[in-house]
Amino acid sequence: MVDVIAELEKRRSEAALGGGQRRIDSQHAKGKLTARERIELLLDEGSFEEYDMFVTHRCTDFGMEQEHVPGDGVVTGWGTVNGRQVYVFSQDFTVYGGSLSATHAQKICKVQEMAVRNGAPIIGLNDSGGARIQEGVDSLGGYADVFQNNIMASGVVPQISVIMGPCAGGAVYSPAMTDFIFMVRDSSYMFVTGPDVVKTVTNEVVTAEELGGASTHTKKSSVADGSFENDVEAMQEVRRLVDFLPLSNREKPPVRPFFDEVGRIEESLDTMIPDNANTPYDMKELILKIADEHDFYEIQEDYAKNIITGFIRMEGQTVGVVANQPMVLAGCLDIDSSRKAARFVRFCDAFEIPILTLVDVPGFLPGTSQEYGGVIKHGAKLLFAYGEATVPKVTVITRKAYGGAYDVMASKHLRGDVNYAWPTAEIAVMGAKGAVEIIHRADLGDADKIAAHTKDYEDRFANPFVAAERGFIDEVIRPQSTRRRVARAFAALRNKKLTNPWKKHDNIPL
């Protein structure tokens with residue numbers, strides 16, 4: 001028995017070394033942690049239960065039969081984050097560059113399937129050069145199996161991907177189908193084809209960072225939801241995100257202890273809206289002031305900044321926030337912001353996370369670039385997402401809610417449950433100036449008449465009371481009481497039941 005146990009410990013030690021000490025040192029020299037070190041940081045201490053530690057590849061071509069590394073380039077298993085179960089796989093770049101083989105894929109598929117069966121999130125720590133070339137179509141088949149599991153898990157359990165090294169080809173499609181993608185600055189890349197292939201095919205000269213670095217994907221492409229300074233920060237922030245999310249679509253989001261007064265009055269909100277309707281203000285101030293402990297986890301902070309998405313807690317319960325940002329493009333909706341918000345709304349709806357919408361939107365951004373880019377279809381995505389959502393929806397209109405954008409932003413007409421407005425709200429087809437120029441075009445040459453018409457329009461429509469008279473607004477509230485009113489609204493909606501007509505699936509305007 002002693003010999004057998006000694007053999008077990010020897011094999012475990014070999015597996016823990018992955019590709020060997022020299023490659024581990026090389027990983028550290030690049031400022032990157034090893035696959036196991038990342039798991040240790042991500043999970044609660046001592047909670048990791050590893051599977052398939054001794055699995056090796058089965059390839060016999062190109063001399064591969066001469067070398068078998070235990071684990072085959074990926075560490076898989078489950079553990080806990082603040083006591084709640086998660087499944088994890090962490091690719092090991094020290095073993096064949098983290099490349100995916102048939103057995104490597106089988107290990108990932110096993111924990112994906114276990115996550116779905118047992119109702120727990122799946123977190124992928126990706127550090128892979130792509131398909132293992134020596135295995136050819138077996139590797140491609142392995143990728144397809146992983147992709148299929150991503151699709152089956154979508155909307156069933158939260159899927160989080162962290163890109164922690166160079167990921168190319170098939171290695172980027174699996175993360176692309178997950179709910180959240182995070183990157184590490186200056187050490188992680190995502191691209192379908194690398195800089196060398198791009199130069200060969202298109203004659204473009206581009207660096208890996210420009211082509212697929214964290215800045216590119218968080219600011220330009222919207223592929224990634226956020227980026228972090230290093231591996232340590234990335235693991236801590238993923239832990240923080242998991243704390244906001246339910247384990248699966250069979251459970252409600254977690255309720256955390258909170259130490260904030262539900263009825264807290266924020267008198268500064270009464271003066272947050274500037275006197276000049278065209279002067280911007282920071283909507284994040286409102287989000288922070290109504291959240292428990294002023295805590296806000298923002299998603300896609302660096303992309304489409306004219307709309308804000310992220311998670312807060314109210315009375316300890318997770319709430320998804322979508323808010324127009326008047327500081328950028330006056331808060332207009334456009335192609336990018338519509339896509340960003342629509343995806344976020346659909347995630348919240350899939351996992352029973354209530355949605356708070358804060359509205360200050362003068363309309364959709366005009367222009368040929370928007371029309372040619374399909375703003376109609378992209379704007380319809382957000383409209384569709386709000387309209388199909390059955391979770392509790394609370395809306396607060398702080399200032400402008402003009403035209404079709406008023407409808408789109410979780411209006412009463414899209415089954416908004418509780419719709420509030422501040423006294424400063426302006427709910428109308430368009431701004432006073434544009435409306436007057438259409439209605440009273442015959443008086444355009446007379447400045448005094450136009451000024452009088454504008455004043456009359458503002459008095460009649462630049463307020464929330466016409467909408468309130470029709471029941472489109474449930475209540476006009478004092479800004480300082482927003483936290484209390486919103487918290488009470490969500491409390492009243494905790495037992496909400498709403499179902500959509502049976503269908504195989506909808507056909508959202510993609």
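For the structure, see preceding data.
As the structure is a prediction and not an experimental result, all values here were calculated from the model.

Analysis parameters
- Residues numbered from 1 in each chain as written.
- Predicted model: local features only at pLDDT ≥ 70, side-chain atom pairs only at ≥ 80, totals over all residues.
- Heavy atoms only, no water.
- Helix = DSSP H or I, 4+ residues; strand = E, 2+ residues; numbered from the N terminus.
- Rg over C-alpha atoms; globule rule 2.2 N^0.38 Å.
- Buried < 20%, exposed > 50% of the residue type's maximum accessible area, 1.4 Å probe, protein only.
- Contact = heavy atoms within 4.5 Å.
- Areas by Shrake-Rupley, 256 points an atom, 1.4 Å probe, with all protein chains shown as cover.
- Lys, Arg positive; Asp, Glu negative; His and termini not counted.
- Charge placed at Lys NZ, Arg CZ, Asp CG, Glu CD.
- 1 Å grid on protein atoms, 1.4 Å probe; cavity = no way out; pocket = protein on both sides within 12 Å on 5 of 7 lines; lining within 4 Å.
- Points joined across faces, edges and corners; volume = space filled by probe spheres on them.
- Expected span 1.5 Å × (residues − 1).
- Arc of directions from axis to C-beta.
- Nonpolar A, V, L, I, M, F, W, Y, C, P; charged D, E, K, R; others polar.
- Polar contact = N/O pair within 3.5 Å; in protein donor to acceptor, adjacent residues only side chain to side chain.
- Pairing = 2+ DSSP bridges.
- Axes fitted to C-alpha atoms, helices over the stretch in contact; angles between N-to-C directions.
- Right-handed = clockwise from strand over helix to strand, strands pointing away.

Caption draft 1: Examining the overall build of the protein more closely. When helices and strands are counted, the protein shows 19 helices and 17 strands. Relative to the globule expectation of 24 Å for 510 residues, the C-alpha radius of gyration of the protein, 26 Å, shows essentially globular dimensions. Projected onto its principal axes, the C-alpha coordinates of the protein cover approximately 95 × 55 × 45 Å. Expressed as a percentage of its 510 residues, the buried residues of the protein come to 53%. For the protein, the share of sequence-separated contacts (at least 6 apart) that also reach a separation of at least 24 residues comes to 73%. Accessible surface for the protein amounts to roughly 23,000 Å². Of this, 54% is attributable to carbon and sulfur atoms. Taking the 56 positively charged and 71 negatively charged side chains of the protein as two groups, their mean positions are separated by 4 Å.

Caption draft 2: Structural view of empty space enclosed by the protein. Evaluation of the coordinates by the stated rule reveals four cavities of 30 Å³ or more. Taken as a whole, the largest cavity holds about 80 Å³ of empty space. Forming the walls of the largest cavity are Phe89, Gln91, Leu100, Ile108, Asn126, Ser128, Tyr143, Val146, Gly170, Ala171, Ser174 and Pro175. Looking at the lining of the largest cavity, the elements that each hand over two or more residues are β3 (84–91), α5 (137–153) and α6 (170–176).

Caption draft 3: Region of interest: helix α17 (residues 447–461). Over its 15 residues, α17 runs 21 Å from end to end, which matches the ideal 21 Å to within 8%, given 1.5 Å per residue. Those residues of α17 that sit buried are Ile450, Thr454 and Tyr457. The arc that holds every buried residue of α17, seen down its axis, measures 65°, which confines them to one face. Tucked into the core, α17 has its buried residues touching β16 (426–428) and α16 (432–439).

Caption draft 4: Up close: helix α4 (residues 102–118). Taking 1.5 Å per residue as the helical rise, α4 with its 17 residues ought to reach 24 Å, and the 24 Å between its terminal C-alpha atoms agrees with that figure. Among the residues of α4, Ala102, Thr103, His104, Ala105, Lys107, Ile108, Cys109, Val111, Gln112, Met114 and Ala115 are the ones counted as buried. In this structure, the buried side of α4 is in contact with β1 (49–51), β2 (74–81), β3, β4 (122–126) and α5. Following α4 by one or two positions, Gly119 has its phi on the positive side, about 65°.

Caption draft 5: Structural view of the layout of surface pockets. Put simply, the largest pocket is a space of about 1,800 Å³. Contributing to the lining of the largest pocket are 44 residues, with Ser154, Asp179, Arg343, Arg346 and Phe347 lying nearest its centre. When residues of the lining of the largest pocket are traced back to their parent elements, those giving at least two are α5, β7 (180–184), α12 (335–350) and α14 (375–388). If you tally residues by element for the lining of the largest pocket, the top one is α12, at nine residues. Of the residues that constitute the lining of the largest pocket, the class distribution is 17 nonpolar, 14 polar and 13 charged. Roughly 340 Å³ of internal volume is contained in the second largest pocket. Lining the second largest pocket are 20 residues, and of these Lys252, Glu352, Pro354, Pro392 and Arg494 lie nearest its centre. Where the lining of the second largest pocket is concerned, the elements lending two or more residues are β12 (317–324) and α19 (482–492). The leading source of residues in the lining of the second largest pocket is β12, at three residues.

Caption draft 6: Structural context of the environment of Gln112. Within the fold, Gln112 resides in helix α4. In this structure, the C-alpha to C-alpha distance between Gln112 and Lys377, residues 265 residues apart in sequence, is 33 Å. Every residue in contact with Gln112, bar those within four places of it in the chain, is listed here: Ile122, Val146, Asn149 and Asn150. A distance of 3.2 Å separates polar atoms of two side chains, one belonging to Gln112 and the other to Asn149.

Caption draft 7: The arrangement of the sheet that holds strand β9 (residues 226–228) in detail. Within the open sheet, the seven strands sit side by side as β1-β2-β3-β4-β5-β7-β9. Their pairing is mixed. Edge positions in the open sheet fall to β1 and β9, since each of these has one partner strand only. The mean inter-strand angle of the sheet, taken between neighbouring strand axes irrespective of direction, is 20°. Direction of pairing for β7 relative to β9: parallel, over a ladder of three bridges. Paired with Phe182 across the two strands is Gly226, which belongs to β9. The sheet contacts of helix α10 (residues 231–242) involve β2, β3, β4, β5 (159–163), β7 and β9, and relative to β5 the element is tilted by about 170°.

Caption draft 8: Summary view of the environment of Met314. Turning to its location among the elements, Met314 is positioned in strand β11 (residues 307–314). Relative accessible area serves as the criterion here: at 4%, Met314 is assigned to the buried category. In sequence terms Met314 and Val146 are 168 residues apart; their C-alpha atoms lie 36 Å from each other. Aside from chain neighbours lying at most four places away, what touches Met314 is Ile290, Asp292, Val319, Arg483, Val486, Ala487 and Phe490.

Caption draft 9: Representation of the environment of Met190 in the model. If you trace the backbone, Met190 turns up in strand β8 (residues 189–191). A C-alpha to C-alpha distance of 44 Å links Met190 and Trp422, two positions 232 residues apart in sequence. Those residues in contact with Met190 that lie beyond four places of it in its chain are Ile163, Cys167, Val172, Pro175, Ile181, Met183, Leu211, Gly212, His217 and Val223.

Caption draft 10: Representation of the pairing of β3. Of all eight residues making up β3, seven are buried, and the element is well covered by its neighbours. Examined bridge by bridge, β2 and β3 share eight bridges and lie antiparallel to one another. In the sheet register, Gly77 faces β3, and the bridge partner there is Val88. With antiparallel pairing between neighbouring strands as the criterion, β2 and β3 make up a hairpin whose turn holds two residues, including Asn82 at a positive phi of roughly 50°. The pairing of β3 with β4 spans four bridges and is classified as parallel. The residue of β4 that forms the bridge with Tyr87 is Ile122. As for the winding sense of the linkage, the β-α-β connection from β3 through α4 to β4 is right-handed.

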